[in-house]
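Listed here are the chains, written in short residue letters.
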Amino acid sequence: MISNYIKLAWRILGRKKFFTFISLFGISFTLGILMVILSFLQSELGTDKPLTYKNDFVYLNTLSLKTDFFDTIVSIDTTFLNDEMVLDSSFEIKGTGSMNWNSELNNGIAEEYLSDLESAEEVSIFIPSSEHDVYVNGVKQTFSALYGDPSYWNIIDHQMLEGRVFDQKEMDAVAKVLVVSDKSAENYFGTKEGVLGKEMFIDGTNYKVIGMYAHTGKIMPYVSPDIVIPYTNANLDNQDSFYHGFFNVLYKKKKGVSADKLKEEIVYAATRIPMDHPSKPEGYEDIVFRPNTYDEDYAQAIYYEREASKSYSIMKWIIISLIAFFVILPTLNLINLNVSRIMDRSSEIGVRKAFGAHRGNIISQFIIENIVQTILGGLIGFGLALALINMINKGGYLMNARLELSPKFFMYSFLVTILFGILSGLLPAYKMSKLQIVNALKENKL
Amino acid sequence: MIKHVLKLLWNKKASNALMILEIFLSFIVLFFVLSYVFFNLGKVNQPLGFETIDIWKIQLDGVEQRDSLEAVTTLQNLKTELLSMEEIEAVSFTESIVPFQNSQWRTGSADNGFQMTTLLVPVDEDLKKVMGLNITEGRWFNEDDLNSSMKPLIVNQEFIDRYYPNKSMVDSTFILNGDRKIIGVIDQYRYIGEFEENHPTVLSIAPYFQNMSAVLLKMKGNTPTAFEEKLSQRIANTTKSTGNVIVDLEKERIENSRESWVLIIALLAICGFLCLNVALGLFGVLWYNINKRKAEIGLRQALGANGFDITKQFILEILVLTGIAILIAIFFTIQIPLLKVTEYPNSLFYKSIGFSTLIILILVTICALFPSVQAAKITPANSLHED
Amino acid sequence: MIKLKNIKKVYRTKTIETTALNDIDLHVPKGEFLSIMGPSGCGKSTLLNIIGLLDAPSDGNILVAGKSIKNYASKETSRFRNEKLGFIFQSFHLIPDLSVLDNVELPLLYRSISSKERRTLAEEALASVGLANRKSHFPSQLSGGQKQRVAIARAIVGNPEIILADEPTGNLDSVMGDEIMGILTKLNKEEGTTIVMVTHDERMAKKTDRLIRLYDGSQVA
């Protein structure tokens, strides 16, 4: 039965070429763009390597020194440094207000008070991105270095291509070693082959390459650094205070524990930090931690709200409504077109009904026909998506993100295609199935 | 005629409702995309207020954190060193607030009797020379300003327009973290980026070599990029620090705006596709409908309608349909400026409504024209006898 | 086989009522070849549609192949039509996008039988109307008579008890019309299929077992 419908759908597509073209144009473009969006979401927020454990991440990038005020005067003083709020002392006119000094963490605080939490399976402390100019044959290249620890490799699941990562012993011994991405190796050495054991001159120091991992272009700098160096090598003399510094903390939570539980433990850890260190800036009374999941942190990086969960829900709604708006028009268009097209075939429906087809038969026939058409459009759209993805990857148009084509992406694309076919076929099919046989057979007469 | 057309449309309201919905949604999409694009292009079209060509920026690596006396000496040496190079014409030292860095200092107070919010930029007296800032009134900073009892400020025109409109404020004082005196006005200094709005901005002279973390250099024209490596070496030698980063400001300007341009172009492309898609769909539906109504057309012609009447009737039908959809859409979208839902200027939304209406009407007319002309060619003989 | 009692069909609009059928009583025994005649607009097609369960009467009782019909849109009615009835139309109503064989197969699609069996049955039906060699043609490639023969094959492929034919020879010249009548008569005689045929053509009507005439919705003979 289905094969008959498919055969029929194919012939009808071929017979009305102009209308097939109009339909396919809409379908393929819509699905193509949707696939690019899917690929972006899957690459950035999916769980493909190196974000295998992404759903277990809890991320802490800020230590906030805070003081609450009552009966305040109006005054605003906010400083953003590299897009991150550093100091925020916005006061409200009435009621309470607060003054915050936000900055990244000192590694001492992170090691002492934040690295031994009950719900955390792994903890990594690192400087997420430190840019270094490197001159290769007189041409400047900028490398983004992550100063990390051995745990980093257990949380961010980079695909190792060659060699190994550094261990705690090398950390403690301040070994001059680094692990490089294949892309950066090629940029620096001109080749990916045989770079193990060679030296890279970064920030005035020669580091020996001990391992190489596959480059993945992700927007979050700590997920795809160019090089990774043990953080004991970093110049830490310039950290602001006992409290503030250059470091972020990334947790991988234990299986079966909720992220909220781990967040609570991090928030609670703030109370154990002494507030009497001489380097503490004056006037601040409390420490506040605002740990985030990966998705929340991601949303906050794109759209800043002090509470990352708010950023996340805002981003979510923006994306959902944009996609909805984008899909609804072509769907309506296709529905309109299908309704007109199907009307042409009312006598066929009359005959089918006279010979015993019931409404379900008619509905499924037209939906299958529409799905055939959508799959065809989906294939063209897929080609379009590949071209677009290739263009985006080459030009780095999406904040230098590299869009991946993973099996999950194929699966989702296929699902979206079928869904689109059903959605745009349902109304016309339903309308058709309601047709009275007697009237259907009489068509084409005034 | 109109009455007749309205009657025809009403009798087929179910299928026409879908068409109206489609045109309505197209209008809404167009409206938002155009508003977004007009708003951003409006920002880009304003001058930045400073030069970017042949200007290099150096991010110093942690010099500012050192013991202040040592830092001051180091930076003083660095300045002498930089000025001694013949490729460099002028040097300005600043704090972390430099162009395209996404760093900003926002400050404000209500001490002047109204709520004032402004961007604050600490600068040195050389910034004007390096960046080519344009003083429209008053004067630029000089060395004595550092020691004057009332801290001098230079404000941008937007600051004047917003807080002291139609007044000459040079030599006036106001309160902003203490008493301040305005000594000059610049047209603008939109250092955050081309897509940033023109905020009220205040320049304040900062004491030399304290908390300095960036250097802006005015280079001689046609300085080869290879000079960067040499420069980097010299800076490293002087500051005893290797992590300095040199950036060409023009390149950074392009890089900084790229994401916004990508978004604008992507939105326009997608919007264009949606319009084309809707237009083609509309065309298809009309073509079908007219074919389906061949008998009706034949009958009308048999009853004495000529080709022009037929074309007119079909175009009128679709235009009435479109008109209804546009009216509904305008009713909704016009609430945004009327109710002042956003802080954006009303003229922006009126402009978008106008353009959306125009685009949709043009598209629809084109789509209706061809099938309607086809319809007029139908003769009573072949249409009434068709089976 | 078919029993109609006091069948009435009234078309209503807001302002006028048109009576298409008025108190029709009709009994068609099993195996009869009945023809219905009458001028245009006398209600003969309406009557055929009611017998074929394609249209609901406004009033009256109807019993077809031992079944009384209540809900005309139900799945059950669809199935009943599929298994017991076969239709032939004046304008053939072949689906232009399906091949001859696929057209003939159509009624079998709505039964749960294998595609192989469907194919065999459809080929048999085509052979019985003498078109076995045209099975992969499309309707547009056939003459009128051939189209109607395909339509007959489609009507008989499901082995129905009753065939309802609405002016099957109306669009054909007399030679082809005779050919079609021949096939129908043979079907009636050899297979014992009950046939109800609406026609304009006195000559064709005379070849059937019984003839009734309608005038303005009422039976006159």
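Residues numbered from 1 in each chain as written. Chains lettered and ligands numbered in written order. Predicted model: local features only at pLDDT ≥ 70, side-chain atom pairs only at ≥ 80, totals over all residues.

Trainee: Looking at this model, I keep getting lost on the overall build of chain B. Mind explaining?
Mentor: Each helix and strand counted, chain B has 12 helices and 11 strands in total. Its C-alpha atoms give chain B a radius of gyration of 32 Å, more than 25% over the compact-globule value 21 Å for 387 residues. The principal-axis extent of the C-alpha atoms belonging to chain B is close to 100 × 55 × 30 Å. Each of the 387 residues in chain B was classed as buried or not, and the buried ones make up 37%. (Helix = DSSP H or I, 4+ residues; strand = E, 2+ residues; numbered from the N terminus. Rg over C-alpha atoms; globule rule 2.2 N^0.38 Å. Buried ≥ 20, exposed ≤ 12 C-beta atoms within 10 Å, placed from the backbone.)

Trainee: Mind showing me how you'd approach the domain arrangement of chain B here?
Mentor: Often the size quoted for an interface is simply the accessible area lost on bringing the parts together. All names here are of chain B. Looking at chain B, the domain boundaries give domain 1 (2-45 + 258-384) and domain 2 (61-243). Spacing between the C-alpha centres of domain 1 and domain 2 amounts to 53 Å. Contact with domain 1, which involves four residues of that partner, is made by four residues of domain 2. No other element matches helix H2 (residues 13-44), which puts three residues into the side of domain 1 that touches domain 2. Classifying every residue of the side of domain 1 that touches domain 2 by side-chain character gives one nonpolar, two polar and one charged. (Domains from an automatic or database assignment. Contact = placed C-beta atoms within 7 Å. Nonpolar A, V, L, I, M, F, W, Y, C, P; charged D, E, K, R; others polar.)

Trainee: Could you clarify how one ought to interpret the packing of helix H3 (residues 100-109) of chain C against helix H4 (residues 115-128) of chain C in this entry?
Mentor: Describing two packed helices takes the angle between their axes plus the distance from one axis to the other. All names here are of chain C. Between H3 and H4, the shortest axis-to-axis distance is 9 Å and the interhelical angle comes to 115 degrees. Viewed along their axes, H3 and H4 adopt a mutual orientation that is roughly perpendicular. Of the two elements, H3 crosses H4, and the hand of that crossing is right-handed. Facing Val100, Leu101, Val104, Glu105 and Leu108 of H3, the residues of H4 in contact are Arg118, Leu121, Ala122, Ala125 and Leu126. The class makeup of the residues in the contact of H3 with H4 is eight nonpolar, no polar and two charged. (Axes fitted to C-alpha atoms, helices over the stretch in contact; angles between N-to-C directions. Parallel < 35°, antiparallel > 145°, perpendicular 65-115°, else oblique. Left-handed = near helix turned anticlockwise from the far one by under 90°.)

Trainee: Would you mind going over helix H11 (residues 346-377) of chain B with me for this structure?
Mentor: Residues spaced three or four apart along an α-helix face the same direction, because each turn holds 3.6 residues. Helix length check: H11(B) (32 residues) gives 47 Å between terminal C-alpha atoms against 46 Å at 1.5 Å per residue, within 8%. At Leu369(B), H11(B) shows its maximal bend, which comes to roughly 25 degrees, and the proline Pro371(B) appears one to four places after that position. (Expected span 1.5 Å × (residues − 1). Bend = angle between axes of the 7 residues up to and from the residue.)

Trainee: Looking at this structure, I do not really get the nonpolar core. What am I missing?
Mentor: One broad rule of soluble globular proteins: the nonpolar side chains tend to lie buried together. If you look at the biggest cluster of nonpolar residues, it comprises 84 residues, and the most contacted ones within it are Val104(C), Leu126(C), Ala153(C), Leu164(C) and Val196(C). Looking at this core, the element that brings in the most residues is helix H11 (residues 359-395) of chain A, giving seven residues. With sequence-adjacent residues up to four places away left out, Leu126(C) is seen in contact with Val100(C), Leu101(C), Val104(C), Leu131(C), Ala132(C), Lys135(C) and Ala153(C). Leu34(A), Phe420(A), Trp287(B) and Ala376(B) belong to the second largest nonpolar core, which has 65 residues in total. (Core = buried A, V, L, I, M, F, W, Y, C linked by C-beta atoms within 7 Å.)

Trainee: Help me understand the sheet that holds strand S10 (residues 214-219) of chain B, please; the structure alone is not making it clear to me.
Mentor: Strand pairing in a sheet is mediated by backbone hydrogen bonds. Such pairs are either parallel or antiparallel. Residue and element names in this part refer to chain B. One open sheet holds the four strands; their spatial order is S2-S10-S1-S11, and the pairing between them is antiparallel. Bordering the open sheet on either side are strand S2 (88-94) and strand S11 (245-248), each of which pairs with just one other strand. Put simply, the sheet's adjacent strands are angled 20 degrees from each other on average, direction ignored. The sheet contact formed by strand S1 (residues 55-59) and S11 spans four bridges and is antiparallel. By the bridge assignment for S11, Trp56 is matched with Asp248. Its contacts with the sheet put helix H7 (residues 249-292) on S1 and S11, and the angle it makes with S11 is roughly 75 degrees. (Pairing = 2+ DSSP bridges.)

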